[in-house]
Amino acid sequence: MGVSTSAPDRGVTVVTVDFPPVNALPVQGWYDLADAVRTAGRDPGVRCVVLTAAGRGFNAGVDIKEMQRDTAAGGHGALIGANRGCAEAFAAVYECEVPVVAAVHGFCLGGGIGLVGNADAIVASDDATFGLPELDRGALGAATHLARLVPQHLMRALYYTSRTATARELHAHGSVWKVVPRGELTAAAVELAREIARKDGSLLRLAKAAINGVDPVDVRRSYRFEQGFTFEANLSGVADRVRDTFGSRNAGDGGEERS
């Protein structure tokens, strides 16, 4: 359990996240993920990073139960830690010195959208779904990243309703590079990474910096702005009121909580 790395091919590093049962990451998990991606990007022998996950789905966001335990004890450390940890993990993917390919299967929710929305390319299995159930979880955030995957009005409708979009729908919008059967996902992602890694390493790093430099949205600053409203929701008590009903309303749905 945790975050691990492997090197299936020359110039390619695979970072795998594994936090059973649903890959809802605790605070330390987000920092571990950020460290793994940044370390891979700094390695001069790496030309592309593949971000993938083990288990039932790619990512179910933050560990809500960790927050609930902390809040019950009268603290806000888990909330602050999760917000900072998510920001670091999202930024690590975006700022990685080499391209990052996200390999997505099953559910990609909440913080998962922050990760893939900041990736350079996405390969998804045909069972993958993407969404921000934040309003059902007493949270806010990652609209910045969902807006990088779908058009503006669709982003808003998905956000307000907590609905999800399929991999094929995102492929139609151009944000998913390829949709494959689940059993072929890792191979397809590594194949794309291998193609990228054939380019000159120094030129790839310059290309990544250049593309980020002309991005119309400062994703780190934009997400930090969103987080301000997350804190407001928590301080006002709205978040706790919604979050406390999450377990009873969504038992067994694979959402953002861990046993």
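Owing to the predicted nature of the structure, the values given are computational and were not obtained by experimental measurement.

S.K.: Teacher, can you tell me more about the nonpolar core here?
M.R.: The nonpolar side chains of a soluble globular protein tend to be buried with one another. By size, the foremost hydrophobic cluster in this structure holds 57 residues, and its most contacted members are Leu33, Leu51, Val104, Leu115, Val116 and Phe130. If you tally residues by element for this core, the top one is helix H3 (residues 77-95), at nine residues. When sequence neighbours within four positions are dropped, the list of residues in contact with leucine 33 reads Val3, Val15, Val17, Leu25, Leu51, Ala89 and Leu115. Membership of the second largest hydrophobic core comes to 18 residues, among which are Val14, Ala121, Val123 and Leu185.

S.K.: Just checking my understanding: could you explain the pattern of salt bridges for this structure?
M.R.: Once the charged atoms of two side chains with opposite charge are near each other, the side chains can pair. Evaluated as defined, the whole model comprises nine salt bridges. For arginine 220, the salt bridge identified is with glutamate 95, shortest N-O distance 3.3 Å. Of the two residues, arginine 220 is situated in helix H10 (residues 219-236) and glutamate 95 in helix H3; the sequence distance between them amounts to 125 residues. Its salt-bridge partner being aspartate 120, residue lysine 208 comes within 3.0 Å of it at the nearest N-O pair. Pair noted here: lysine 208 is in helix H9 (residues 201-213) and aspartate 120 is in the loop between helix H4 (111-117) and strand E6 (121-125), with a separation of 88 residues, a long-range link. Here the residues in one salt-bridge network are Arg38, Glu88, Glu95 and Arg220, joined through shared partners.

S.K.: Even after reading the chapter, I still don't get the packing of aromatic side chains, so can you show me in this structure?
M.R.: Two measures describe an aromatic ring pair: the distance that separates the ring centres and the angle between the ring planes. Tallied over the full model, the rule gives three aromatic pairs. Ring geometry for phenylalanine 225 against phenylalanine 229: centres 5.3 Å apart, planes inclined by 70 degrees, an arrangement best described as edge-to-face. Placement of both phenylalanine 225 and phenylalanine 229 in helix H10 is noted, with a separation of four residues, approximately one turn of the helix. Site record: aromatic cluster; members linked through ring pairs are Trp30, Phe90 and Tyr223.

S.K.: Would you mind going over the sheet that holds strand E9 (residues 178-180) with me for this structure?
M.R.: The six strands are arranged E1-E2-E3-E4-E6-E9 in an open sheet whose pairing can be described as mixed. Each having just a single partner strand, strand E1 (2-9) and E9 make up the two edges of the open sheet. Direction aside, the axes of adjacent strands within the sheet are offset by 20 degrees on average. Relative to E6, strand E4 (residues 100-104) runs parallel, the two being bridged by four bridges. The partner of valine 101 across the bridge, within E6, is alanine 121. Its contacts with the sheet put helix H1 (residues 27-42) on E1, strand E2 (12-18) and strand E3 (48-53), and the angle it makes with E1 is roughly 25 degrees. Helix H8 (residues 185-197) contacts E1, E2, E3, E4, E6 and E9 of the sheet and is inclined by roughly 160 degrees relative to E6.

Definitions and cut-offs
- Numbering of residues begins from 1 in every chain and follows the order in which that chain's sequence is written.
- Totals for whole chains, interfaces and linings use all residues, but because this is a predicted model, local features are given only for residues with pLDDT of at least 70 and pairs of side-chain atoms are given and counted only at 80 or more.
- Note that the side-chain values use all heavy atoms of the structure and ignore hydrogens as well as water.
- Residues enter a nonpolar core if they are buried and are Ala, Val, Leu, Ile, Met, Phe, Trp, Tyr or Cys, with the set joined through side-chain atoms within 4.5 Å.
- Categorising residues by exposure relies on relative accessible area from a 1.4 Å probe, with only protein chains included: less than 20% of the type maximum marks a residue as buried, more than 50% marks it as exposed, and the intermediate range marks it as partly exposed.
- For the purposes of this entry, the term helix denotes a DSSP run of H or I that reaches at least four residues, the term strand denotes a run of E that reaches at least two, and both are numbered from the N terminus.
- Contact definition: two residues touch when any of their heavy atoms are within 4.5 Å.
- Salt bridge, as applied in this entry: a Lys or Arg side-chain nitrogen positioned within 4 Å of an Asp or Glu carboxyl oxygen.
- Pairing of aromatic rings covers Phe, Tyr and the six-membered ring of Trp, with a centre-to-centre limit of 6.5 Å; geometry is then stacked below 30 degrees between planes, edge-to-face above 60, and tilted otherwise.
- DSSP-based pairing: two strands are paired if at least 2 bridges between them are found.
- Simply put, an axis is a line fit to the C-alpha atoms, just over the touching stretch for a helix, and the angle between two N-to-C directions goes from 0 to 180 degrees.

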